[in-house]
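For reference, the chains in residue letters:
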Amino acid sequence: MTPTSGLSAPRNLTLAYCALVLASALWAGTGIAGKAVYDKISPAALTFWMWGAGSTIAWLIAWREVRDNWAQIVARWPVMLTIGVVSTFGFFWLIFVAFRHTTATSHALLNSSVPVWVLLINWLVFRRAPRGLEIAGFVLSILGVAAIIFRGDPGNIFVLRFNASDLLILLAMMLWAAHLFLLPHRTKLSPMAFVAVTGTIGTAIAAPLYAWDLAHGTAHPVLATSVFVSIFYVVVLRTVFATIVFNYGVDRIGPVHSAPFTHLAPIFGTIGAYFVLGEQIHGYHIVGLILVLAGIVLANRRLA
């Protein structure tokens, strides 16, 4: 009898769905944790501690797997190194830098634009011509991104008045989209082993920037409770626990049915920023989110 057979099937499916929802909620909290301490710890310091502690935990869990697959890891070191630079370090460092002049709400909503950049990269780099619905969805999503970037004021478009930090977040989302195309070429490892390797790379890159901040007094090594809470969150809950529960859900209902749950992250992030940080939700936030998500749904519809 399979684990999901008989009376246990509904229960297992319910647990899987709950796991996927929980993972999306935990991922959404990254922006809130970063924004909450942007004035107490430098972006390089937060990135360093996030991946330094996270990769340490991952090594404790998966060191045997890394050892057994070391030859394969070395054979694909250019891909693993690029992933560590682009997504492990670059993605999070850019976001933490941006938080000095933007909101966790903007981060949460712009996070939903990743599928748009995947479509664009697939078109420009891999020459896969988009279908009619994909183009329509892309245009719709770009309008949603523009609504957020230009704060819902068409006048800002003509004078190019925007928040540069929002563009940093947008760049981070483009890097994340680019790294998705690298994943099929990586060494096949469990999530924890993968975090151990790429997290170590991210830590190594963040280390000299962190040292620079310490030397110039800009790292703000304040022993504040909020800093410890934020680091604990991004290390234990966001990096380790969210990975475990997400994989639990994927293993039980499959990647295709699991993927839509990631679109809950911007919704959770927006709600969390409102209640935890007191950030205001404006009309252009709602319009932007609706346009982005509508574009994603449209672009992923199968032509009859």
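What you see is a predicted model; the values in this text were computed from it and never measured.

A. Highlighting the environment of isoleucine 61. Structurally, isoleucine 61 can be placed in helix 2 (residues 43-68). Distance from isoleucine 61 to alanine 196, taken between C-alpha atoms, is 8.9 Å for residues 135 residues apart in sequence.

B. Quick look at the nonpolar core. Grouped together as the largest cluster of nonpolar side chains are 54 residues, with contacts concentrated most on Ile41, Ile95, Phe96, Met173 and Leu189. Within the residue set of this core, elements represented by two or more residues are helix 1 (8-36), helix 2, helix 4 (77-98), helix 6 (114-124), helix 9 (164-180), helix 10 (191-215) and helix 11 (225-253). It is helix 4 that provides the largest number of residues to this core, a total of 10 residues. Ala16, Ala19, Leu20 and Phe261 belong to the second-largest nonpolar core, a separate cluster that totals 9 residues.

C. A nonpolar patch on the surface, seen in detail. On the surface, Ile267, Ile271, Tyr274, Phe275, Val276, Ile281, Ile286 and Ile290 cluster together into a nonpolar patch covering about 770 Å² of accessible area. For the nonpolar patch, the secondary structure elements donating two or more residues are helix 13 (264-276) and helix 14 (283-299). Tracing the backbone through its elements, the reader meets isoleucine 281 in the loop between helix 13 and helix 14.

D. The arrangement of the side chain of serine 55 in detail. Looking at the element boundaries, serine 55 is found in helix 2. Serine 55 gets classed as buried once you look at its relative accessible area, which sits at 5%. In contact with serine 55, other than residues within four places in its own chain, are Val195, Ala196, Gly199, Thr200 and Thr203.

E. Geometry of the confidence of the model for the protein chain. Model confidence for the protein chain is summarised by a mean pLDDT of 79, while 82% of its residues fall at 70 or above. Of all helices and strands in the protein chain, the one with the weakest mean pLDDT is helix 8 (residues 154-158) (61), whereas helix 3 (residues 70-75) scores best (94). In this model residues 1-7 is a low-confidence stretch, pLDDT under 50, and it forms 4 contacts with partners more than four residues away in sequence or in other chains.

F. Representation of the environment of valine 86 within the structure. Locating valine 86 in the fold gives a position in helix 4. A C-alpha to C-alpha distance of 7.4 Å links valine 86 and tryptophan 176, two positions 90 residues apart in sequence. For valine 86, the residues in contact, after removing those within four places along its chain, are Phe91, Leu175 and His179.

G. The pattern of salt bridges, seen in detail. One pass over the full model with this rule turns up 1 salt bridge. For arginine 67, the salt bridge identified is with aspartate 68, shortest N-O distance 3.2 Å.

H. Local environment of helix 13. With 13 residues, helix 13 should cover 18 Å at 1.5 Å per step; its first-to-last C-alpha distance of 18 Å lies within 8% of that length. Among all positions of helix 13, only Ala265, Pro266, Gly269, Thr270, Gly272 and Ala273 are buried. Down the axis of helix 13, the smallest arc covering the buried residues is 165°, so these residues share one side. Two residues or fewer after helix 13 comes glycine 278, characterised by a positive phi angle close to 75°.

Rules of the game
- Residue numbering note: each chain is counted from 1, following its sequence as written.
- Reporting of local features is limited, given that this is a predicted model, to residues whose pLDDT is at least 70; pairs of side-chain atoms are given and counted only at 80 or more, and all residues count toward the totals for whole chains, interfaces and linings.
- The side-chain quantities take in all heavy atoms of the structure and omit both hydrogens and water.
- Put simply, DSSP H or I for four residues or longer makes a helix, DSSP E for two residues or longer makes a strand, and each gets a number counted from the N terminus.
- For the purposes of this section, nonpolar cores are sets of buried Ala, Val, Leu, Ile, Met, Phe, Trp, Tyr and Cys residues that join through side-chain atoms within 4.5 Å.
- Exposure is judged per residue with a 1.4 Å probe applied to protein chains only, and the accessible area is read against the type maximum: over 50% gives exposed, under 20% gives buried, and values in between give partly exposed.
- Patch definition: residues with relative accessible area over 30% and no salt bridge; like charges joined within 9 Å; nonpolar side chains (Val, Leu, Ile, Met, Phe, Trp, Tyr) joined within 5 Å.
- Here the open area of atoms and residues is found with the Shrake-Rupley method and a 1.4 Å probe, where only the protein chains shown may cover a residue.
- Any carboxyl oxygen of Asp or Glu within 4 Å of a side-chain nitrogen of Lys or Arg constitutes a salt bridge here.
- It only takes one pair of heavy atoms within 4.5 Å for two residues to be counted as in contact.
- Every residue carries a pLDDT, the predictor's confidence in it, which falls somewhere between 0 and 100.
- An expected span of 1.5 Å times one less than the residue number is assigned to each helix.
- Working definition: the arc comes from the directions between the helix axis and the C-beta atoms, pointing outward to the latter.

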